[in-house]
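Structural characterization, general
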Amino acid sequence: MGTETPNRPNYPLRPTATPFASQQSSTPFLSSGPVAGSAASAFRPAPPAASNFQAPPFSGGPLVGTEAPAYRPPPSSRSNEVVRPPPPSSSYGPPSSGFQSFPNPSMPSIGQVPPPHSSFTGQSVVAPPIRPPPGPASHLSQPQPPLVTMGSPPQSIKPGQPNPNVPLPVDQHFSTPRPNSQPSSPPTGTSYATGRGTFPGYANMQPNSVAQTPPMQPASFQLQQRGYAPPVPSASFPLQQGGYAPQAPPTSLLAQQRGYAPAPPISNPSGFYSGNQVQQHGMGPPVAAQQGLAEDFSSLSLGSVPGSFDAGVDIAALPRPLDGDVEPKSFAEMYPMNCNSRFLRLTTSGIPNSQSLASRWHLPLGSVVCPLAETPPGEEVPVVNFATTGIIRCRRCRTYVNPYVTFSDNGRKWRCNICSLLNDVPSEYFAHVDATGRRVDLDQRPELIKGSVEFIAPAEYMVRPPMPPLYFFLIDVSISAVQSGMLEVMAQTIKSCLDNLPGSTRTQIGFITYDSTIHFYNMKSSLAQPQMMVVSDLDDIFVPLPDDLLVNLSESRSVVEAFLDSLPSMFQENMNVESAFGPALKAAFMVMSQLGGKLLIFQNSLPSLGAGRLRLRGDDIRVYGTDKEHTLRVPEDPFYKQMAADFTKYQIAVNIYAFSDKFTDIASLGTLAKYTGGQVYYYPHFQASIHKEKLKHELTRDLTRETAWEAVMRIRCGKGVRFTSYHGNFMLRSTDLLALPAVDCDKAYAAQLSLEETLLTTQTVYFQVALLYTSSSGERRIRVHTAAAPVVADLGEMYRLADTGAIVSLFSRLAIEKTLSSKLEEARNGVQLRIVKALREYRNLYAVQHRLSGRMIYPESLKFLPLYGLALCKSSPLRGGYSDVQLDERCAAAYTMMALPVKSLLKLLYPNLVRVDEYLLKTEEFGTKKRLPLTAESLDTRGLYIFDDGFRFVIWFGRSLSPDITRNLVGEDFATDFSKISLTQEDNKMSRKLMEILNQYRESDPSYFQLCHLVRQGEQPREGFFLLTHLVEDQTGGAHGYADWMLQLYRQVQQNA
Amino acid sequence: MIVCDLSITFQFLYASRLLCLRFLASALLVSSDSFVFLFLCLIPALISLSFFLFLGFSDLEADYLNPYELSSRVNYVIVPEYLLHGAFCILFLITGHWVMFLLSLPTAYYNLTRYLSNQHLVDVTEVFKVINTEKKARLIKLGFYVLFFGLVVTRLALSVVHAVFADDEDLVPWSTIY
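Everything numeric in this text was worked out from a predicted model, so none of it was measured.

Considerations on the overall build of chain A
- The secondary structure content of chain A amounts to 34 helices and 32 strands.
- Here chain A, with 1057 residues, has 66% of them falling under the buried criterion.
- Taking contacts inside chain A between residues at least 6 apart in sequence as the whole, the part at least 24 apart equals 78%.
- Accessible surface, chain A: about 35600 Å² in total, of which carbon and sulfur atoms supply 53%.

Some remarks on the UniProt feature "domain: Zinc finger Sec23/Sec24-type" (unreviewed entry) in chain A
- As annotated in UniProt, the feature "domain: Zinc finger Sec23/Sec24-type" (unreviewed entry) corresponds to residues 391-429 of chain A in the numbering used here.
- Between the end C-alpha atoms of residues 391-429 of chain A there is a gap of 10 Å, over a span that is 0% helix and 23% strand.

Remarks on helix 19 (residues 557-570) of chain A
Residues and elements named next belong to chain A.
- Under the 1.5 Å per step criterion, the end-to-end length of helix 19 is 19 Å for 14 residues, consistent within 8% with the ideal 20 Å.
- Buried within helix 19 we find V559, V560, A562, F563, L564, L567 and P568.
- Next to the buried residues of helix 19 lie strand 13 (470-476), helix 18 (486-497), strand 14 (508-514) and strand 15 (518-522).

Focus: the sheet that holds strand 30 (residues 944-948) of chain A
Residue and element names in this part refer to chain A.
- Taking strand neighbours across the sheet as the criterion, the 4 strands line up as 29-30-31-32 in an open arrangement whose pairing is mixed. In this open sheet, the two edge strands, each paired with only one partner strand, are strand 29 (912-915) and strand 32 (1011-1016). Direction aside, neighbouring strands of the sheet carry axes that sit 20° apart on average.
- Where strand 29 lies against strand 30, 4 bridges are found, and the strand directions are antiparallel. Bridge assignment links V914 to a residue of strand 30, and that residue is I946.

Remarks on the interface of chain B and chain A
- Each side of the interface is counted separately: chain B has 11 residues, and chain A has 14 residues.
- Summing both partners gives a buried area of about 1100 Å² for chain B against chain A, and 61% of it is carried by carbon and sulfur.
- If you look at where chain B meets chain A, you find 2 salt bridges.
- Between B:D123 and A:K641 there is a salt bridge, with its nearest N and O atoms 2.4 Å apart.
- Taken together, the residues of the side of chain B that touches chain A sort by class into 4 nonpolar, 2 polar and 5 charged.

Quick notes on unusual backbone geometry
Residue and element names in this part refer to chain A.
- The phi dihedral of S420 is positive, around 55°, even though this residue is not glycine.
- Its location among the elements puts S420 in the loop between strand 10 (413-415) and strand 11 (422-424).
- Although it is not a glycine, D665 adopts a positive phi angle of roughly 55°.
- For D665, the position within the fold is in the loop between strand 19 (652-658) and helix 22 (666-674).

Examining the pairing of strand 7 (residues 366-369) of chain A
Residue and element names in this part refer to chain A.
- The alternating pattern of strand 7 places G366 and V368 on one face and S367 and V369 on the opposite face, and all of these are buried.
- Direction of pairing for strand 5 (residues 344-346) relative to strand 7: antiparallel, over a ladder of 3 bridges. Residue pairing across strands places L346 opposite S367, the latter belonging to strand 7.

Regarding the packing of helix 21 (residues 638-649) of chain A against helix 22 of chain A
Residues and elements named next belong to chain A.
- One way to put it is that helix 21 packs onto helix 22 with a least axis distance of 8 Å and a crossing angle of 15°. Judged on the interaxial angle alone, helix 22 and helix 21 are roughly parallel. Crossing of helix 21 over helix 22 shows right-handed handedness. Contacts between helix 21 and helix 22 involve Y640, K641, M643, A644 and F647 from the first element and S668, L669, T671 and L672 from the second.
- Across the contact of helix 21 with helix 22, the residue classes tally to 6 nonpolar, 2 polar and 1 charged.

A short note on the nonpolar core
Residues and elements named next belong to chain A.
- In terms of nonpolar packing, the biggest core is built from 199 residues, with F455, F473, M490, F511, F602, F767 and I782 touching the most fellow members.
- Apart from residues no more than four positions distant in its own chain, M490 is found in contact with I475, L567, F602, L695 and L699.
- In this structure, L549, A584, Y624 and L669 belong to the second largest nonpolar core, which totals 56 residues.

Notes on the packing of helix 31 (residues 963-970) of chain A against helix 32 (residues 989-1004) of chain A
All names here are of chain A.
- For the pair helix 31 and helix 32, the least separation of the axes is 8 Å and the interaxial angle reads 70°. Between helix 31 and helix 32, the crossing angle belongs to the class labelled roughly perpendicular. Residues I965, N968 and L969 of helix 31 touch helix 32, and the partners they reach there are M990, S991 and L994.
- When grouped by side-chain class, the residues that make up the contact of helix 31 with helix 32 number 4 nonpolar, 2 polar and no charged.

With respect to the packing of aromatic side chains
All names here are of chain A.
- A full pass over the atoms with the stated rule returns 38 aromatic pairs over all chains.
- Aromatic side chains Y681 and Y1008 sit 6.1 Å apart centroid to centroid with 55° between the ring planes, which places their arrangement in the tilted category. Of this pair, Y681 sits in strand 20 (residues 679-682) while Y1008 sits in the loop between helix 32 and strand 32; the two residues are 327 residues apart in sequence, bridging distant segments of the chain.
- Each member of the aromatic cluster is reached from another via a ring pair, and the members are F473, F511, Y521, F563, F602, Y657, F659, Y681, Y683, F686, F951 and Y1008.
- The ring of F407 has R439 sitting right over it, with the charged end atom 4.7 Å from the ring centre.

Some words on the sheet that holds strand 11 of chain A
Residue and element names in this part refer to chain A.
- Ordered in space as 9-10-11, the 3 strands form an open sheet in which the pairing is antiparallel. Unpaired on one side and paired on the other, strand 9 (406-408) and strand 11 mark the two borders of the sheet. Averaged over all adjacent pairs, the angle separating strand axes in this sheet is 35°, with direction ignored.

Details of the side chain of A:S1007
Residue and element names in this part refer to chain A.
- By the secondary structure assignment, S1007 is in the loop between helix 32 and strand 32.
- Among the polar contacts listed, one links the side chain of S1007 to the side chain of D1005, at a separation of 3.2 Å.
- Once residues within four sequence positions are removed from consideration, S1007 is found in contact with R701 and D746.

Here we look at the confidence of the model for chain A
All names here are of chain A.
- When the pLDDT values of chain A are averaged, the result is 73; 68% of them are 70 or greater.
- Of all secondary-structure elements in chain A, the lowest mean pLDDT belongs to helix 12 (residues 236-244), at 33, while strand 19 reaches the highest, 95.
- Considering only residues more than four positions removed or in separate chains, one finds that residues 1-295, a stretch of pLDDT under 50, has 748 contacts.
- A low-confidence stretch, residues 303-311 stays under pLDDT 50, and its non-local contacts, those more than four residues away or across chains, total 27 contacts.

Reading the values: the criteria
Residues numbered from 1 in each chain as written. Chains lettered and ligands numbered in written order. Predicted model: local features only at pLDDT ≥ 70, side-chain atom pairs only at ≥ 80, totals over all residues. Heavy atoms only, no water. Helix = DSSP H or I, 4+ residues; strand = E, 2+ residues; numbered from the N terminus. Buried < 20%, exposed > 50% of the residue type's maximum accessible area, 1.4 Å probe, protein only. Contact = heavy atoms within 4.5 Å. Areas by Shrake-Rupley, 256 points an atom, 1.4 Å probe, with all protein chains shown as cover. UniProt positions renumbered as here; feature names shortened; annotations may be inferred. Expected span 1.5 Å × (residues − 1). Pairing = 2+ DSSP bridges. Axes fitted to C-alpha atoms, helices over the stretch in contact; angles between N-to-C directions. Buried area = accessible area lost by both parts, 1.4 Å probe. Salt bridge = Lys/Arg side-chain N within 4 Å of Asp/Glu carboxyl O. Nonpolar A, V, L, I, M, F, W, Y, C, P; charged D, E, K, R; others polar. Parallel < 35°, antiparallel > 145°, perpendicular 65-115°, else oblique. Left-handed = near helix turned anticlockwise from the far one by under 90°. Core = buried A, V, L, I, M, F, W, Y, C linked by side-chain atoms within 4.5 Å. Phe/Tyr/Trp six-rings, centres within 6.5 Å; stacked < 30°, edge-to-face > 60°. Lys NZ or Arg CZ within 6 Å of the ring centre and 35° of its normal. Polar contact = N/O pair within 3.5 Å; in protein donor to acceptor, adjacent residues only side chain to side chain. pLDDT = per-residue confidence, 0-100.

This is how it looks when you write it as structure tokens:
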């Protein structure tokens, strides 16, 4: 099987991924040979045939070797002559001269370098196996040389590519060790997979391979011609094929093995296609005309021989997002004046032109907006001040002036791009228009060039004077808070942040602590020490002081510091176990309601007194699987929703910090954060000694990051489309107005679009996100992001312009919302169903015309979607059932994921896994490390790995990792229980290096602190908890492995296709 | 054969019509004036309540109303509405208007289940998610009440007509039956 990625534009750019690929790119000659093969593989109706082609060139080698006996090259084709079929017996034996055998290390090690192959005579190079087949030595398939020789000169996929001699390429290939072949790269991947005997289908394959006969090839050939062939003149193809036919048997083997070879050859075409696409948009480099036929889709052949081996998927060849989140670039190039994709991402940049087309797009149609995303230095959003003019907006639809408005009537009028109303240009804003319709002052008007600008809003955008930044702390001081050390860490952290709170001298601050009573603190600046007032009447809360509970930080700085210093000791002896959370919340509300601001709640136990008291729930296993299951994930008491609504109304954002080791009902508490634009931080089993750094970092970030206060956000879009639903942490104030008491760079919001009119007549749809907020400096500002997207009439185009990241983000939000009203399983099925529907629709687009039975095809743009879908189903909010994830953890993760920006979400779903032991031993710099596929097979017992999902690091120590490394990193007591040690820098080079790496990772993703968890191989249950359950490609519990998942998707796509 | 069929049909039609008319007339006549008056008041009250709520949701959608106002408004009147409908139902029952009672039963059941499952109050945080279903529900209720109003008025008119034109002896036995 091969994955084809015909239109992968960047293929050539990433030669490293597969040795072959590199070959190809570097040496056109090789490419020509493989190309034919790849193309064939891609199209071949019958998998064996396809595999056939691919196999010889690349990955086939090893496989072939193992299974050599099985295939007999057909004599008829001319290529046969060249090819020397390996003697059956030899294949298993030690490598004969003809065959190259790689030593196959039993463990998959990324770092392994393929042994140099001295003899390349006529043998195709074997890709260094990431995960080499355990047993069989890999053989090089002979076919390659023949290919080369045969290499039909005429067909060059890329025009202008010379066909170098075979030997040269081979040499190169050999010489270049690819220690870390990316699993993602289909070719290599396939090879490995194939190599492994683990597949169920494998055993069966052999007979098949034998059975394979040249006749299959013609069919494959046809396919090629139709689908992909474009680059090569059709005539040449047949020749090639003929030439290769003999090799078919080997390929068949591959196929059997499920090897997918996303053959390099394919890659070539892909490059081509991509070019083509681009061209269509008018920006691509010129491509040969032959490619007119080019289609853009990827395909994965699954169980191509009906019935024979159903389970066959080459795991290694499956696409993996090892490069992280790759945003589609073509869109940004198409509309250079659009805002950056970090602010706004559409699930597909092609807006369907009719409702019927939209209904065929089964994926969510919408966008993910992160209005305050952090910008790298130099790309700050320009601030525009229309001091006297007033902000220029459309009279009718209230759109802000943006780069896409057009000026007419010699600059006296401007036409709104969203509602196309002709507006007058105010005289102060007037500028002449040159012959091309551009304003002469364009370069001084950032709002007319840039997709993102910030306007300074005049007084009419204020309903009250801009509020000062206000931080209010509601702190649980019951016994568990004191004992866990939370109180102390928190007080220290707040104190250390006092200097960095935004707002300089305007910032206000206040504190309430509570256990079974509520303690208010008078922080009046004239006092030396804060005065504590205790209110014990929980039924009728009153605020003992009208003012002075909330004070200006700069004026009362000394009192505040004194308070924070004494806070831990004040409650040192507190034995109170009760928590009057609800009444305290009400008290905080009363204090804050005048101004609004940010309320940080530190909760250590289940609210047990007064209003909003919660009971223990969630430990009832019987509820799971029933219709009542979802009630565990929604707030139990309407009190919380009501409070949340009131908080939002008064511009109060709530952040929840929960620490308990027991059930705290995050589902209820989190509601407060959800509807107020806040965030939930959950530290189960908080111990100051372990979690101190994490709390410190995250609280610091929460307090000091740039925050937008009392904000509202609206997304406007062109006529005919409308945003119908919004997903994230906020409250809707009207149908399309999001109330956000506080926003910062770590919050993203998703929205779904629907078409209002049956047919869109415009060519382009414009979107404008406007966030009206008060900055910490006390300015009222409007941040405006504008983007344009083309309207398309073709479903294929929509798929091509799809953005996996945005789609996954919307998917996860929808699925999480679904868990609030139905069972987890239904939510998971929902995700699966939508993916299946989308793929089926896509298949219907192309399958008929290419006769792609037996393979799974998917758009290049969505190649990672199935994997992310799987990862989503295995993420904490959706995974398993009762025992798989603690209820609190599940809810906390759900609240977090509802607010995560796309990049962080993708990282959480498909975390980084890198091997570092070699870097620690060597002296070289730690560059960007190769990410590994998330499967247990990536883990070498001799290795040291870092697993990073953006929220925590797991450092995995292989069983046979040299004790030296362990000793250096952990210290002398390296044999102790890892759960009790935290990683600290030891005084040696290795440890410093590791810390460097970790810090580098942390800096690249500062929104959360990644706490290190050390895990030793085989150390249960910690290993399972921290790492194994997060290896999303493996089969864990009742969940599918990646290959199974693909197969299941494939089968479902086939049904009713 | 055809003739036979026709005659049967006619007979049936006639009988059913007769039954219907007598039933209607008797129902209203038997009930005292105060009951009629009650019905005539209750139904418009329900109609106006439903309309008010429907309007509230429409206003919310058009942004004339914010969710806070809407929810306080709706939650204020929703229980009275349910009570009113309950009373309405019981009135039909105790005055022996079986058909009308049965007709009003589905709505009562709907109200009851909503109330018992604690879904009757509008959730201010999620109001925009339910706005369409709520509007639809209100509209159906509104139509239902208007239909009821029509029925009651028709019955009243019919009973008046019967009272004027029909002979009392004929009617009394029927009414006693029901």
